[in-house]
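# Remarks on the overall topology
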Amino acid sequence: MRILSGIQPSGALHLGNYFGMMRPAIELQEKGEALYFIADYHSMTSLFDAKERRKHTMDVALDFLACGLDAKRTVFFRQSDVPEVTELTWILSTVTPMGLLERAHSYKDKIAKGIAPSHGLFAYPVLMAADILIYDSNVVPVGRDQKQHVEMTRDIAIKFNEQYGETFVIPEPQIRDEVAVVPGTDGQKMSKSYGNTIEIFGDEKATRKKIMGIVMDSRTPQEPKPDADKNLAIQLLKLVAPPDVTKDFESRLRAGGLGYGDLKKALFEHYWNYFAAARKKRAELAANPDFVNKILSDGAHKARTLAQQVLQRAKVASGLA
Ligand code: ADP
Ligand code: TRP
């Protein structure tokens, strides 16, 4: 089984990225042949600063390696180090119906948020389809918001196969239901673009401030709270604390007597401890960028070899070769 996923280098990684994508991806390394990449071409649709792209690309590499990506087992690379993917994007775009792209939620959402509607942003799902299809991927672990993109990939692959004969493997999305959407500090989906994130490797003081600043309702600590399970801090605590600890806080909140400040303090402590080992590893890696770059270039070399084979298959099928 070949597993593939990508993440854009568009900012510091947060708990939503970690629980929605990174952790499932890291766990899946054991289950098959995994390829993970940093989607720097995709980031060009919404990030227009070269320096930032370079910095975020390194940050994502460090974050992934620190959180347990095993470069001996997994092919880890930068998307743009495999330029074949852009050639396949063109080929796929010729069988991609306009209507399919026009229905993309993510395109509409991004425009609504004020991102300039460029051709690249519109064609984003076709590049993503090329990413997935060029490695004969079977399984694509992503957060719920990316499900439609994987479904579009399937449609595009089926279309190509119908037109030119069996060429591409049809991939399956893999969504982690229990942590499908991690809420941010304002209760909406945690996202860089909403400014409501808790970074995985955030600065201690700043993150404490963010967590302590989560706005709750005005009920007094003594008041029983029958809706304790819906409390935002409880939901986040569930991710970073052992189940019995979360249960205990939840029942104290439900019964009354637990103040929101104490709950948020506990949330910070558990969050901080949860990532303690990874934080240490990240600092070591950050001090050794040559080592990290070597991992990425070795990964690119392996990925490219696979990509060239599938691209050639598509070129032969469509009469380009
Ligand atoms: P952001 O919304 O912060 O820009 P991205 O869109 O770059 O995050 O998402 C990167 C990966 O992390 C995707 O696989 C996405 O599904 C997952 N992800 C992002 N935010 C969340 C969230 N709040 N809950 C679960 N998964 C998420
Ligand atoms: N679009 C994905 C995101 O924003 C990133 C991505 C690009 C991706 N290509 C991919 C994810 C291929 C899975 C497979 O999160």
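Note that the coordinates shown come from a computational prediction; the quantities given were computed from them, not determined experimentally.

The next point concerns the side chain of Glu84. As for its position among the elements, Glu84 is in helix H4 (residues 84-93). Side chain to side chain, Glu84 and Gln308 meet in a polar contact 2.9 Å long. Ignoring any residue separated from it by four or fewer positions in sequence, one finds Glu84 in contact with Ile134, Arg304, Ala307, Gln308 and Leu311.

We now examine the domain arrangement of the protein. Domain annotation for the protein reports domain 1 (2-182 + 288-318) and domain 2 (202-274). Interface area lost by domain 1 to domain 2 is led by Leu15, Phe19 and Val182, which between them contribute 73%. Linking domain 1 with domain 2 are 0 salt bridges. Summed over the shared surface of domain 1 and domain 2, the result is 1 residue pair in polar contact (both at pLDDT 80 or more). Looking at the side of domain 1 that touches domain 2, its residues break down into 5 nonpolar, no polar and 1 charged.

With that settled, the discussion passes to empty space enclosed by the protein. Think of a ball as big as a water molecule: rolled over the atoms, this probe shows where empty space is left. As enumerated under the stated definition, the model contains 1 cavity of 30 Å³ or more in all. Of the pockets and cavities examined, the largest cavity occupies roughly 30 Å³. Taken together, Ser106, Tyr107, Lys110, Leu121, Tyr124, Pro125 and His149 make up the lining of the largest cavity. Of all elements in the fold, only helix H6 (105-112) and helix H7 (119-133) reach the threshold of two or more residues within the lining of the largest cavity.

Attention shifts here to the environment of Phe122. Mapped onto the elements, Phe122 comes out in helix H7. When the C-alpha positions of Phe122 and Phe160 are compared, they lie 20 Å apart, and in sequence the two are 38 residues distant.

Under the defined criterion, the tally for this structure stands at 23 salt bridges. As a salt-bridge pair, Glu172 and Arg154 come within 3.4 Å of each other at their nearest N and O atoms. Of this pair, Glu172 sits in strand S5 (residues 172-175) while Arg154 is found in helix H8 (residues 147-164), placing the two residues 18 residues apart along the sequence. Looking at Arg154, the relative accessible area reads 24%, which means it is partly exposed. Connected via shared salt-bridge partners are Lys55, Asp59, Asp63 and Arg282.

What follows deals with the site of ligand 1. Inspection of the region around ligand 1 gives 16 residues, with His14, Asp145, Val182, Ser191 and Lys192 positioned closest. Between His14 and ligand 1, the recorded distance is 2.7 Å, taken from a side-chain N or O atom to an oxygen atom. Take Asp145: an N or O atom from its side chain is 2.4 Å from an oxygen atom of ligand 1. Relative to its free-state accessible area of 540 Å², ligand 1 is covered by the protein chains to the extent of 90%. A majority-of-atoms criterion places ligand 1 in the largest pocket.

This part takes up the site of ligand 2. Taken together, 14 residues sit near ligand 2, with Gln8, His42, Tyr124, Asp131 and Gln146 positioned nearest. Taking Gln8, its side chain carries an N or O atom lying 3.1 Å from an oxygen atom of ligand 2. The separation between a nitrogen atom of ligand 2 and a polar side-chain atom of Asp131 is 2.7 Å. In isolation ligand 2 exposes 360 Å². Once the protein is present, 90% of that is buried. Cavity membership is defined here by more than half of the atoms lying within 2 Å of grid points; on that basis ligand 2 lies in the largest pocket. At the level of secondary structure, the elements contributing two or more residues to the shell around ligand 2 comprise strand S1 (2-7), H7 and strand S4 (139-142). In terms of residue count, H7 provides more of the shell around ligand 2 than any other element does, 4 residues in total. Class assignment for the residues of the shell around ligand 2 results in 8 nonpolar, 5 polar and 1 charged.

This paragraph deals with the packing of helix H10 (residues 232-240) against helix H11 (residues 243-255). The geometry of H10 relative to H11 is characterised by a closest axis approach of 9 Å and an angle of 165° between their N-to-C directions. Comparing the axis directions of H10 and H11 gives the class roughly antiparallel. Read as a crossing pair, H10 and H11 show a hand that is left-handed. Here H10 contributes Ile234, Leu237 and Lys238 to the contact with H11, which in turn contributes Thr246, Phe249, Glu250 and Leu253.

Basis of the calculations
Residues numbered from 1 in each chain as written. Chains lettered and ligands numbered in written order. Predicted model: local features only at pLDDT ≥ 70, side-chain atom pairs only at ≥ 80, totals over all residues. Heavy atoms only, no water. Helix = DSSP H or I, 4+ residues; strand = E, 2+ residues; numbered from the N terminus. Polar contact = N/O pair within 3.5 Å; in protein donor to acceptor, adjacent residues only side chain to side chain. Contact = heavy atoms within 4.5 Å. Domains from an automatic or database assignment. Buried area = accessible area lost by both parts, 1.4 Å probe. Salt bridge = Lys/Arg side-chain N within 4 Å of Asp/Glu carboxyl O. Nonpolar A, V, L, I, M, F, W, Y, C, P; charged D, E, K, R; others polar. 1 Å grid on protein atoms, 1.4 Å probe; cavity = no way out; pocket = protein on both sides within 12 Å on 5 of 7 lines; lining within 4 Å. Points joined across faces, edges and corners; volume = space filled by probe spheres on them. Buried < 20%, exposed > 50% of the residue type's maximum accessible area, 1.4 Å probe, protein only. Near = heavy atom within 4 Å. Areas by Shrake-Rupley, 256 points an atom, 1.4 Å probe, with all protein chains shown as cover. Sits in = over half its atoms within 2 Å of the grid points. Axes fitted to C-alpha atoms, helices over the stretch in contact; angles between N-to-C directions. Parallel < 35°, antiparallel > 145°, perpendicular 65-115°, else oblique. Left-handed = near helix turned anticlockwise from the far one by under 90°.

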